[in-house]
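Spelled out from the first residue to the last, the chains are:
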Amino acid sequence: MAMALLLTTQYLTKRFHAFTALDALTISIEEGEIFSLLGPNGAGKSTCIKLLTTLLKPSSGDAIIDGVSVVDHPFRIRRLIGYVPQMISVDGTLTGYENLLLFAKLYDLPSQEAKQRVNEYLGFMELQEAAHKPVRTYSGGMIRRLEIAQSMMHRPKMLFLDEPTTGLDPIGVQTVWQHILELKKQFNTTILLTTHIMDEADKLSDHVAFLSRGKLAAVGTPEELKKSVQSIDSSMEDVFIHYTKESPDSERGFHEVATERKTTRRLG
Ligand SMILES: Nc1ncnc2c1ncn2[C@@H]1O[C@H](COP(=O)(O)OP(=O)(O)OP(=O)(O)O)[C@@H](O)[C@H]1O
Ligand SMILES: [Mg+2]
């Protein structure tokens, strides 16, 4: 059975002055799948997500989500999608319940329905017990689950999760995964995520794409990509190295390293 495509990009490009952060990216994502965008620090993953969520405007090219162009109809796109940024996006001084209610109001849900939905998602994310405690008392994994719940308040067709498991302990990572898989199963939500954990991408994704210096280096199912690197027991880490290895003289700039440090300290 042919799957319906929910998202396609067409030569999607973002330049910052002379620097091309995303270079003519053309990919497609099927409805209801988990698609992982992988690649080294600075490869352009977050830039790509910011273009698809209309936080940045493409320099050229376009992306179509559920028939809507991000260039022509950014406001319509915002109703269709949810976004969890790489950096923290909930208010630590509010409770989990209050954070979610705030977003329900932002999306104009009538009061009764808003409360219902907040409770539904607190339950779905297993946060009922902590619902009325300030978020600054939450663990990293609980904060991530709350952020995902927040991004779903308007029941978007598609979710963009930028490094949903970075900075979490192994149990936090597993719980967040389980909930991502559950989102796909229960709501048929289409998910584009980024991660630096290759094992996670391998197990979780229907398709993965590797970016290297803003360019698409490879795309396929985890199985196809592992086969394509030609060693008997190749892992996703081998695939990563194969497709994104930089020349030895390439130096990582201050900005890239600073970004990485910030990421690591995200929940610290
Ligand atoms: N607003 C901006 N102005 C100038 N350069 C930028 C801007 N945003 C991103 N860049 C540059 O674009 C490149 C891609 O950045 P991006 O954040 O998309 O990388 P990434 O793949 O998400 O990396 P990481 O894995 O570290 O999160 C980097 O070299 C970054 O310095
Ligand atoms: Mg990033």
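Rules behind the numbers
Residues numbered from 1 in each chain as written. Chains lettered and ligands numbered in written order. Predicted model: local features only at pLDDT ≥ 70, side-chain atom pairs only at ≥ 80, totals over all residues. Heavy atoms only, no water. Donors = N, O, S within 2.8 Å, 3.2 Å for Na, K, Ca; no water. Helix = DSSP H or I, 4+ residues; strand = E, 2+ residues; numbered from the N terminus. Buried < 20%, exposed > 50% of the residue type's maximum accessible area, 1.4 Å probe, protein only. Axes fitted to C-alpha atoms, helices over the stretch in contact; angles between N-to-C directions. Parallel < 35°, antiparallel > 145°, perpendicular 65-115°, else oblique. Left-handed = near helix turned anticlockwise from the far one by under 90°. Contact = heavy atoms within 4.5 Å. Nonpolar A, V, L, I, M, F, W, Y, C, P; charged D, E, K, R; others polar. Phe/Tyr/Trp six-rings, centres within 6.5 Å; stacked < 30°, edge-to-face > 60°. 1 Å grid on protein atoms, 1.4 Å probe; cavity = no way out; pocket = protein on both sides within 12 Å on 5 of 7 lines; lining within 4 Å. Points joined across faces, edges and corners; volume = space filled by probe spheres on them.

With an unreviewed UniProt entry as reference, the chain is termed ABC-2 type transport system ATP-binding protein, source organism Flavisolibacter ginsengisoli DSM 18119.

Describe the coordination of the magnesium ion (ligand 2), listing the residues and the values that go with them.
Donor atoms from the polypeptide that coordinate the magnesium ion (ligand 2) comprise S46 (OG) and Q86 (OE1), at 2.0 to 2.2 Å from the metal. Residue S46 is found in helix α1 (residues 45-52), and its partner Q86 is found in the loop between β7 (81-84) and α3 (96-106); the two are separated by 40 residues along the sequence. Each member of the pair S46 and Q86 is classed as buried.

Could you give me a rundown of the packing of helix α5 (residues 140-151) against helix α6 (residues 170-187), with the residues and numbers involved?
At their nearest, the axes of α5 and α6 sit 9 Å apart, and the two run at 20° to each other. In terms of their interaxial angle, α5 and α6 are classed as roughly parallel. When you trace α5 past α6, the crossing you get is right-handed. Between α5, through G141, R144, R145 and I148, and α6, the contact on the second element is made entirely by T175, V176, H179, I180 and L183. For the contact of α5 with α6, a count of residues per class yields four nonpolar, three polar and two charged.

Describe the packing of aromatic side chains, naming the residues involved and giving the relevant values.
Enumeration over the complete set of coordinates arrives at four aromatic pairs. Members of the aromatic cluster, connected to one another through ring pairs, are Y121, F124 and F187.

Residue-level account of the layout of surface pockets, with values.
Size it by volume and the second largest pocket reaches roughly 300 Å³. The wall of the second largest pocket is formed by 15 residues, among which I81, G82, Y83, F103 and Y107 lie closest to the centre. Looking at the lining of the second largest pocket, the elements that each hand over two or more residues are β7 and α5. Classifying every residue of the lining of the second largest pocket by side-chain character gives six nonpolar, seven polar and two charged.

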